[in-house]
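Survey of secondary and tertiary structure
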Amino acid sequence: LESGVDETGLGRWCWILVGTAHRRTRIVVAYQPCKPPPTSKGLTVWEQHQRYFEPRGDARSPRTLFFEQLISQLKVWKHQKEEIVLCGDWNEDVYTGRIAKRLAEDDLRMTEQCRKTTGEPLPPTFNERGS
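Anyway, here's the lowdown on the structure attached to this text. Numbering of residues begins from 1 in every chain and follows the order in which that chain's sequence is written. It should be noted that, the model being predicted, local features are given only for residues of pLDDT at least 70 and side-chain atom pairs only at 80 or more, the latter also being counted only at that level, while totals for whole chains, interfaces and linings use all residues. Side-chain measures here rest on the full set of heavy atoms in the structure, leaving out hydrogens and waters.

Digging into the pairing of strand β3 (residues 24–31)
We count it as follows: Any two strands between which DSSP finds at least two bridges are classified as paired. For helices the rule is a DSSP run of H or I covering at least 4 residues; for strands it is a run of E covering at least 2, with both sets numbered from the N terminus onward.
In the sheet, strand β2 (residues 13–19) pairs with β3 via seven bridges, with the strands oriented antiparallel. Counted as the bridge partner of Cys14 is Val29 from β3. Between β2 and β3, which pair antiparallel and follow one another directly, the connecting turn spans four residues. For β3 and strand β4 (residues 83–89), the ladder comprises seven bridges, and the chain directions are parallel. Pairing of Tyr31 across the sheet is with Asp89, part of β4.

Given below as structure tokens:
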């Protein structure tokens, strides 16, 4: 039905909307940046996001901005009565991380479907350095 990206154009998330007039499903793919090492040369996604937001008056962490803005957008889509399939590279634990905890709250009520379906947790896809 439609497709799009987050309003910044930074590639933080993109989506396609499929379905009918009676049932709509939005499939979203997202990427949460991780903080670069101190030796970074300004070429990471994190630093790209900083260069975008700081001149616009927001010097908060790109992870904070991603988190807040994605959650806000998901709430809009939920309010529109859309089903949401959310896939992402979160650079954090999909069961205990900040995003997982927030997605499980009453206004979104989202759960990780692989474990729910198979009973088996996903293997770790990150380490403490965020990679």
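What follows picks up the thread again.
Section: the packing of helix α1 (residues 45–53) against helix α2 (residues 62–79)
Stated precisely, the cut-off is as follows: All axes are obtained by fitting lines to C-alpha atoms, using only the stretch in contact for helices, and the reported angles, taken between N-to-C directions, cover 0 to 180 degrees. Roughly parallel covers angles under 35 degrees, roughly antiparallel covers those over 145, roughly perpendicular covers 65 to 115, and oblique covers all other angles. The contact definition used throughout considers only heavy atoms, calling two residues in contact when any of these lie within 4.5 Å. In this classification, the charged set is Asp, Glu, Lys and Arg, the nonpolar set is Ala, Val, Leu, Ile, Met, Phe, Trp, Tyr, Cys and Pro, and all remaining amino acids, among them Gly, are polar.
For the pair α1 and α2, interaxial distance at closest approach is 9 Å and the crossing angle is 75°. On the basis of their axis angle, the class for α1 and α2 is roughly perpendicular. Residues Trp46, His49, Gln50 and Phe53 of α1 form the contact with α2, whose participating residues are Pro62, Arg63, Leu65 and Gln69. Partitioned by chemical class, the residues of the contact of α1 with α2 number four nonpolar, three polar and one charged.

A short note on the state of the cysteines
A covalent bond between the sulfur atoms of two cysteines is what we call a disulfide. Definition in use: Cysteine sulfur atoms that pair up within 2.5 Å are treated as a disulfide. Working definition: with a 1.4 Å probe on protein chains only, accessible area under 20% of the residue-type maximum means buried, over 50% means exposed, and in between means partly exposed.
One pass over the full model with this rule turns up zero disulfides. With no disulfide of its own, Cys34 lies 19 Å from the sulfur of Cys14, the closest cysteine sulfur. The thiol of Cys87 is unpaired, and the distance to the nearest cysteine sulfur, on Cys114, comes to 8.8 Å. Residue Cys87 is classed as partly exposed on the basis of its relative accessible area of 36%.

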